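Observations on the three-dimensional arrangement
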Amino acid sequence: MATVRGCYSRSVTSNMYGQWKSLQTVIHSEIGNKSVLHHFPEYVAHDVSKPIVKHLSLTLSQGQSTSSSQTHLDNDEQLDWTMEVLCYGLSLPLNEFESIRDCVSVYTDWLTALSTPKPSVPKPVIKDPNKYSQKILQHLYNLFEPRGTGTGGVKQQVLLCQHVLVTVQNIAKESTVLDRKTWEVLLIFLLAVCDKLLAPPVESNGIGEELCELLLSTLFEVWLRACYCSFPSPTLWRTLRDLARLWRHQPALVNQWTRLNILLTSRLLKFMYGPQFPEINFNINPQDAQLIPADMSPDCTTQTWFRFLHTIGNPAELNNANIISQTPKFMQMALASEEAVDISHHPCLVELPHIFDRAMKGVSVMADAFLGIDSPASEPAVTEVTTSAGATPPNARKLTKAISSSITGMRASTRASGSGSHASVSTISAGKSSNISSGTITCEQHRAYPHRASSNSILHLFGKWLFDAALVGMGSKDPYPQMNSSLHSFEPGRAEACGTLCRLFSLKRYNEDILPEYLARFYQVIDRGLRIDQGISGQVLASIIVNSIDILHIDLKGVHVLIPRLLSAIEIILADTSPPISCHVPEVELRRASIRLMLSMHCLPLHFKDLSIEEIHTSPYTGGQQQPDVAAGKLRTFNSVAQKTADLLIGALQCENDAINTQMLLGGLLTFIQDAALSEETMGAEEREGHPVESYDLFVRAVHLVCQRLMFTWKSDLNVSLAALEFLCGLAKINLKIKDVLECKRAVKWICDYIVQQCSRPPPYHSRDLHSMIVAAFQCLTVWLIEHPYILDDKDYLSEVLEVVELGISGTKSMVKKTDVPKYKSQKQLMPASMRVKEAGEDLLGCLLDHVGSFAPPLGPMSICSLMNEETLMEHVHEVADNNTKFKYVAVNNAIIIGLMEQPLGNDEDPLPTLTVLNRTATGRHSWIMQSRQFARHDKVGAKSHLQPPVQPQGNENVFLSCTKEVDYFPKSVEQIGSTNADYSIPLLSSIPTDRESSDLEELKHFIEAQAEFEADVVRQHVASENNAHVGISPPKICEEFQPARLLLSHLGLLSLESLHKSDSTSAPPALVGLGSDRASFITDIRLLDMLPGRVVDTVHVFYVKSGQTSADDILDNVNDVSDVDIHFLEMLHSLGWPVNVKQHCGWTGHVSTSWKCEQKQETTVSCEDVIRTGGGQYNGKNQLLYWADVLTEVAFIVPTKPEKRKPILLEPEPESPTSTSAGVIDNLLTTTAPAAEMSSQHELFHVASMSDTKLDDKPKHIRTLSLDLPSPSAPRGNVSIVSDAGSSPRPKRFASKQAMGLGPDTKVFVIWLESYDDKDDVPIDVLLNGCATGIPATVSRSSGASLLQPAASSTDPVVIFISPLQSYLFRVKIQCTNARLLSAVPLVNSMVVSRRALGIMIRQTAMNICQRRRLDCETFSPPHVRRKVMIQDIIKRYQMNITEPELYASLFQ
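Each value, and the rule that gives it
- For every chain, the first residue of the written sequence is number 1, and numbering continues from 1 onward in sequence order.
- Side-chain atom pairs in this predicted model are given and counted only at pLDDT of 80 or more, local residue features only at pLDDT of at least 70, and totals for whole chains, interfaces and linings cover all residues.
- Note that water and hydrogens are dropped before the side-chain values are worked out from all heavy atoms of the structure.
- A pair of strands is treated as paired once DSSP finds two or more bridges between them.
- Put simply, DSSP H or I for four residues or longer makes a helix, DSSP E for two residues or longer makes a strand, and each gets a number counted from the N terminus.
- A 1.4 Å probe rolled over the protein chains alone gives each residue an accessible area, and that area as a share of the maximum for its type sets the label: buried under 20%, exposed over 50%, partly exposed in between.
- Only one rule defines a salt bridge in this text: a Lys or Arg side-chain nitrogen within 4 Å of an Asp or Glu carboxyl oxygen.
- Every patch collects residues that have over 30% relative accessible area and no salt bridge, joining them within 9 Å if they carry like charges and within 5 Å if they are nonpolar side chains (Val, Leu, Ile, Met, Phe, Trp, Tyr).
- All accessible-area figures derive from a Shrake-Rupley calculation using a 1.4 Å probe, and residue coverage is judged against the displayed protein chains alone.
- A positive count includes Lys and Arg, and a negative count includes Asp and Glu. His and the chain ends are not counted in either.
- Charged groups are reduced to one reference atom each: NZ for lysine, CZ for arginine, CG for aspartic acid, CD for glutamic acid.
- Throughout, a contact is declared for two residues whenever any of their heavy atoms are within 4.5 Å.
- Contacts described as polar in this section are N or O atom pairs within 3.5 Å, which, within protein, must combine one atom able to donate a hydrogen with one able to accept it, while residues neighboring in sequence count only if both atoms come from side chains.
- Throughout, an axis means a line fitted to C-alpha atoms (over the contacting stretch in the case of helices), and angles, computed between N-to-C directions, take values from 0 to 180 degrees.
- The sense of a crossing depends on the near helix, which, turned anticlockwise from the far helix by less than a right angle, makes the crossing left-handed and, turned clockwise, makes it right-handed.
- Polar here means any residue outside two lists: the nonpolar Ala, Val, Leu, Ile, Met, Phe, Trp, Tyr, Cys and Pro, and the charged Asp, Glu, Lys and Arg; Gly therefore counts as polar.
- As a per-residue measure, pLDDT reflects the predictor's confidence and takes values from 0 up to 100.
- Here, nonpolar core means buried Ala, Val, Leu, Ile, Met, Phe, Trp, Tyr and Cys residues that are tied together by side-chain atoms lying within 4.5 Å of each other.
- A pair of Phe, Tyr and Trp rings is counted when the ring centres sit within 6.5 Å of each other, with Trp represented by its six-membered ring. The angle between the planes then sorts it: under 30 degrees is stacked, over 60 is edge-to-face, the rest tilted.

1. Focus on the sheet that holds strand S10 (residues 1184-1189)
Backbone hydrogen bonds are what pair the strands of a sheet, in a parallel or an antiparallel way. In space, the eight strands of this open sheet follow the order S9-S10-S11-S8-S14-S17-S18-S19, with mixed pairing throughout. Edge positions in the sheet fall to strand S9 (1138-1141) and strand S19 (1393-1394), since each of these pairs with one other strand and no more. Bridge count between strand S8 (residues 1096-1105) and strand S14 (residues 1309-1314): six bridges; the pairing is parallel. Each bridged residue has a counterpart across the sheet, and for Val1100 the counterpart in S14 is Val1309.

2. Thoughts on the pairing of strand S5 (residues 914-921)
Within S5, eight of the eight residues are buried, leaving the element largely enclosed by the surrounding structure. Here S5 shows a buried face lined by Thr914, Thr916, Leu918 and Arg920 and a second buried face lined by Leu915, Val917, Asn919 and Thr921. Judged from the five bridges that link them, strand S4 (residues 896-901) and S5 form a sheet pairing that is antiparallel. The residue bridging Ile898 from the neighbouring strand is Asn919, located in S5. With eight bridges joining them, S5 and strand S6 (residues 924-931) adopt antiparallel strand pairing. What sits directly across from Thr916, in S6, is Ile929. Counted between consecutive antiparallel strands, the loop separating S5 from S6 contains two residues.

3. Regarding the pattern of salt bridges
Taken as a whole, this structure holds 55 salt bridges when the rule is applied. Where Glu145 meets Lys196, a salt bridge forms, and the shortest distance between an N and an O atom there is 3.6 Å. Placement of the pair is Glu145 in the loop between helix H6 (129-140) and helix H7 (151-174) and Lys196 in helix H8 (residues 180-198), with a sequence separation of 51 residues. Through salt bridges with shared partners, a single ionic network connects Glu870, Glu871, Arg920, Arg925, Arg1087 and Asp1090.

4. Quick look at the environment of Lys181
Among the structural elements, Lys181 can be located in helix H8. C-alpha of Lys181 to C-alpha of Lys131: the two residues are 50 residues apart in sequence and 9.0 Å apart in space.

5. Remarks on a negative patch on the surface
Taken together, Asp76, Glu77, Asp128 and Asp179 make up a surface patch of like negative charges. Given a relative accessible area of 32%, Asp76 falls into the partly exposed group.

6. A few points about the environment of Asp1121
If you trace the backbone, Asp1121 turns up in the loop between helix H40 (1112-1117) and helix H41 (1127-1136). Those residues in contact with Asp1121 that sit more than four places away from it in its chain are Arg1173, Thr1174 and Gly1175. Here the side chain of Asp1121 touches Ser1123 through a polar contact of 3.1 Å, landing on its backbone nitrogen.

7. Brief notes about the packing of helix H33 (residues 795-810) against helix H34 (residues 835-850)
To characterise two packed helices, one gives the angle between the axes of the helices and the distance between these axes. Two elements in contact, H33 and H34, have axes whose closest approach is 7 Å; the angle formed by their N-to-C orientations is 145°. The chirality of how H33 crosses H34 is left-handed. Only Val837, Lys838, Gly841, Glu842, Leu844, Leu845 and Leu848 of H34 make contact with H33, whose side of the interface consists of Val801, Leu802, Val805, Gly808 and Ile809. Its residues placed into classes, the contact of H33 with H34 shows eight nonpolar, two polar and two charged.

8. Notes on helix H21 (residues 539-547)
Burial analysis of H21 places nine of its nine residues in the buried class, which makes it a mostly covered element. For H21, every residue scored as buried is listed here: Gln539, Val540, Leu541, Ala542, Ser543, Ile544, Ile545, Val546 and Asn547. Where H21 is buried, its residues touch helix H19 (491-506), helix H20 (516-529), helix H22 (563-574) and helix H23 (587-599).

9. Digging into the confidence of the model for the protein chain
Detailed reading of predicted coordinates is not advised where the pLDDT is low. Averaged over all residues, the pLDDT of the protein chain equals 79, while 77% of them reach at least 70. The low-confidence segment residues 619-624, where pLDDT is below 50, has 16 contacts with residues more than four positions distant or belonging to other chains. With pLDDT under 50 throughout, residues 1206-1299 is counted as low confidence; its partners more than four residues away or in other chains account for 190 contacts.

10. Some points on the nonpolar core
With 319 residues, the main nonpolar core has Trp247, Phe505 and Trp784 as its most contacted residues. Excluding residues that lie within four positions of it along the chain, Trp247 makes contacts with Leu191, Cys194, Asp195, Leu198, Ala199, Leu216, Leu219 and Leu253. Counting 21 residues, the second largest nonpolar core, distinct from the first, contains Leu1075, Leu1088, Leu1089 and Ile1436.

11. Focus on the side chain of Glu221
Examined against the element boundaries, Glu221 turns out to sit in helix H9 (residues 207-229). Looking at Glu221, its side chain comes within polar contact range of the side chain of Gln169, at 3.3 Å.

12. Section: the packing of aromatic side chains
Aromatic rings in a pair are described by how distant their centres are and how their planes are angled relative to each other. One pass over the full model with this rule turns up 30 aromatic pairs. Centroid distance Phe1129 to Trp1313: 5.7 Å. Interplanar angle 75°. Geometry classified as edge-to-face. Residue Phe1129 is located in helix H41, and its partner Trp1313 is located in strand S14; the two are separated by 184 residues in the primary sequence. The exposure class assigned to Phe1129 is buried, which follows from its relative accessible area of 0%. Overall, the relative accessible area of 1% leaves Trp1313 in the buried class.

13. Some remarks on a nonpolar patch on the surface
Among the surface-exposed residues, Tyr969, Phe970, Val974 and Ile977 lie close enough to one another that they form a single nonpolar patch of about 510 Å² accessible area. Exposure remark for Ile977: the relative accessible area of 58% places this residue in the exposed category.

14. A word on the sheet that holds S6
Taken together, the five strands give an open sheet; going across it, the order is S6-S5-S4-S3-S7, and neighbouring strands pair in antiparallel fashion. Looking at strand neighbours, the two that pair on one side only are S6 and strand S7 (1072-1074), the edges of this open sheet. On average, adjacent strands in this sheet sit at an angle of 25° to one another, irrespective of strand direction.

15. Points about the side chain of His1425
Here His1425 is to be found in helix H50 (residues 1424-1439). With relative accessibility at 8%, the residue His1425 sits in the buried group. Residues in contact with His1425, not counting those within four places in the same chain, are Glu839, Glu842, Asp843 and Ala922.

Put into structure tokens, the structure is as follows:
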């Protein structure tokens, strides 16, 4: 930009040629177009010229002259005399058209001496072409004299003029012998002709109107060629500028001026900024691009561009008819009129609004070109128009042959007819009109080149024009007041100027300070432009809104003074679906721009609170007006606009019909409510009373509105429905003091009704998108119940939720109406809407039973299941005496694996009958410990005292005498009673025909006989004994061996014979099945099952990018030192989650190799000083990370760093122990070896937690653990292993592919902190992506509505959330993603500004919602509980014991 600024600093527009004389007054008098024949009478001159011209024409037509007709013009005197005749012939009246035509033919042939001479060219002309060409051009001036003899004659004259102009263009382009004098004569000729025809007011069907476009096109193109060959003198440049200002009432002038300036600007930008600079937003004709010679020097291009730019003066003057009409030709026309004429009301000036609009669009295109905007809203069209009445002729460069052939045809036709009648002239296309469409760029397309010119430099060039044009009609002190046209007619041009200014200020470079003078005028323009007065359609307002969406988050000084005016304008647009303004911007785009502007200011009231908003001072351009409240003496503060902001968000959401706009409003409203709630938490009671908005009131209004629109309006739109459900999830998580529980109950009821409504839609409407909405609704319902468990205290709402669960799982309800008879499970056919819906219902049911009212568990949200497994419990078993103390495994209902251990734990000093149960279900692993107690725990009596038999009193044998009496169990008359049929209903044992049952009966008979014989023998021994005293009855000995497992299973109803029988109707195993835990692979599969998480997992990588950084190494080094990062970056980090130690963490760590450990490792001590000094690098996943979890999701936030380069460390093999050996086998089988390249690639850039990282300590120690870090027992005991700390391991471990595939799509989410927002396009995303492996295989997802021809979205395509801090301690958000569905996730949306309080929460929710949408879109994803359920069924199928019921009983209770 230095060259441009240098030109501008050396030359002021008004005094650019102040020291040079203009040829304006003498250009017509010194043209040299008079012949000596003009001094003779007309009839004499006519008789002399006509035969000579005719003879010369015949010579041309015959080509090579014969001796009889040969004309010898061998010397200068002869040629000069002949040219005097031709000069006069060009001024003949149009009724002598043939003579005029012949003169034109002769001169155009002679002009070829400057390039390729024709045979008919005289020798003197060939010898000195410049001398005679100058005279020819002066004589041709006569051809352009208006003659005004009817439409037909004008068309014939136009045809001849076109032929001359095309010839002049070709000579200027092809000739290499033109000297400087000839160039000056050529330029003066064109200037004189243009001034002759274009300076007077436009006459309908006149020669000036017909030739206007071609004349100006020829002038500018020849002038451009002259700049390359022989740069015009300042005198000529001033003459061009002075004359061009007299032609500004001609629309073609602005068209050609714009066309040429855009061509020059395009060339200028290429050598100023390089070939990589974006192409200019103009549909440049390839032939037009060749007008500028390729070898034209940069200095010449710059000088030519700057002079052409100021050729027509200030384009803003085009709005004023008084200025445009103050020319000599207009004055002459007024004086010549017999009546009093107001020249400012001439009919040709009606086109001024259109001309003004075209000029401002041209300026807009050039300003956008300097900004490097490469995405135009619509490409300007270039249309071709035929030469007819009232039309401008197109480009003539293509039509040389057409014009020549037409002239030849007319000449032949005239000779054949032998009469002087006029030949019919066909319409000739002779030029091209550049039709520049609106330069307004939509709100989605403001993308400027990073290394563009500064806004100050561009304002130096175009600022005065744009400011003057933007303030047209603004008050009585308008810089260019106009009286003859209504203000409405100039509004399109003014709107273009305002839009260009908004883009110039919105796209300023980082840390660029725009001059205060420009800021002051800009704020006045915006303030006045956003007012809708009577007679204005609103195009200015629409242009400002569409082009200023970034105006509030680029740190413009004092920009907050515009907030009241912007809010008022946005209210006009968003108050109704059809705003009361008319403009050329599509209504949807206008509303979208208003919403984006709204999202950039919605956090300001709660951020600045009581700070006052200064009013823009009155000025001549504002008409001395003030806003009503300021005029009344009220002080406006940010708090005063808080309620209006909330009302606007809710009101706009209520009437919005566009899907994208709706999602943006949902994100903005959720952010506003969250910010308000967080703001209230820091307030006292008195502050809350004066708070402008109450978060609970907004909460209630938002719930009502969103639920109603979700039910009735958005139910068919997937993206809007997902956004609405995400919005409701966000509302449920906001920490509010709920004043009325009924509001939350209503929200749950609406969500349930939404699920019922969607499931009840006809089959043709069922699709993957519909089922995704239902699944998302189930998850939303889960969040509400977890966050507000008191809702289920109401049995009506509990019944409603359970009915929805039933509907999702089975497809129907047991009771459609409350009066219906319940239909039980066995009577229903299982027909869910889809398997995904069924799985979502099962997930909700699991949360209802396990977590509602009890989340988070005592261990915190890091784990939703027990951390104890067999090895952990066996460490605490009381008195392990032999190897028989172990777990026994059974499977229940083909869905649960139960491990039973009947052994007291060592932590109980008073051993009791104890049963330890490890219950593995689809929702996780749960541990139960049950003890059989005779007394309550609070009774301070030892258990052993109750295990001794009570003391019995001694019997007294002398109290009574014993007597023996036979006991009759049945009356003696029983045998006398006759038998009935009922007696024979029970068959006799002897009637059983089965051999096996007969043998059983025989064996039972032997048992009875043996028992009888035993009892008889006891009696005989007692009688035979000497001491025949009676023995007292004593209680049996207290049992010291128990079977608590049998007690549990019997209480669960699993020991009945029905539970052990397999159903004939299904292939499922019996309700209770024994599992063969003795097999070596059983414990391995159990560990694999334990490693499957019960929740979905997400990973977010956070980066810090300094201003101007483009290297991945530099970016990764930023977080190593706290002095290299912004303090607000660290604040944001710690608001994302809480720090956890990787080696102790039992949840998701960002990589599968270090996640979900059952036992905690020895803590690695980290120096507090090192943590304080780092800029977040301690959370790189190697030792620490940031973690957050709820009942459905685990999120790991990792701040990657570069790896430390160390020498390989030799590790001696660890000694084996009984527990480590088995654990090592488990671990070796669990973590199958993956390709080394795949594993090591994740460590090439920076640390992501790996197994080698967890093993590298200064002093390797053996720590018994069940993590993935144990050595394989298959390794030789005496060998030494080498482990490199650079990141790769010689024995990489990963999940088996089957297990890792089940974890779902690996969605890459990056949060990138930008010190400079301009660097967003220079961040090496692909390089950073290579080092963000999580161990989860990449999958490919495709939305159901996507075409098969469209490329599928890979889960490795990152979603990038850019965060850029503002000077106001607010933060600008930009989301970059190739998947439009993920891009629409809320709450964060593009162009949003977020407060410090809500930033971390909003980032976390957005990242989780993005990952959830990717899972809904992934066809291969299965929920966690489904993955666990499938694996449980697979284990049961593989290890089911094929034994009989007695054998099963014996195996359980032996």
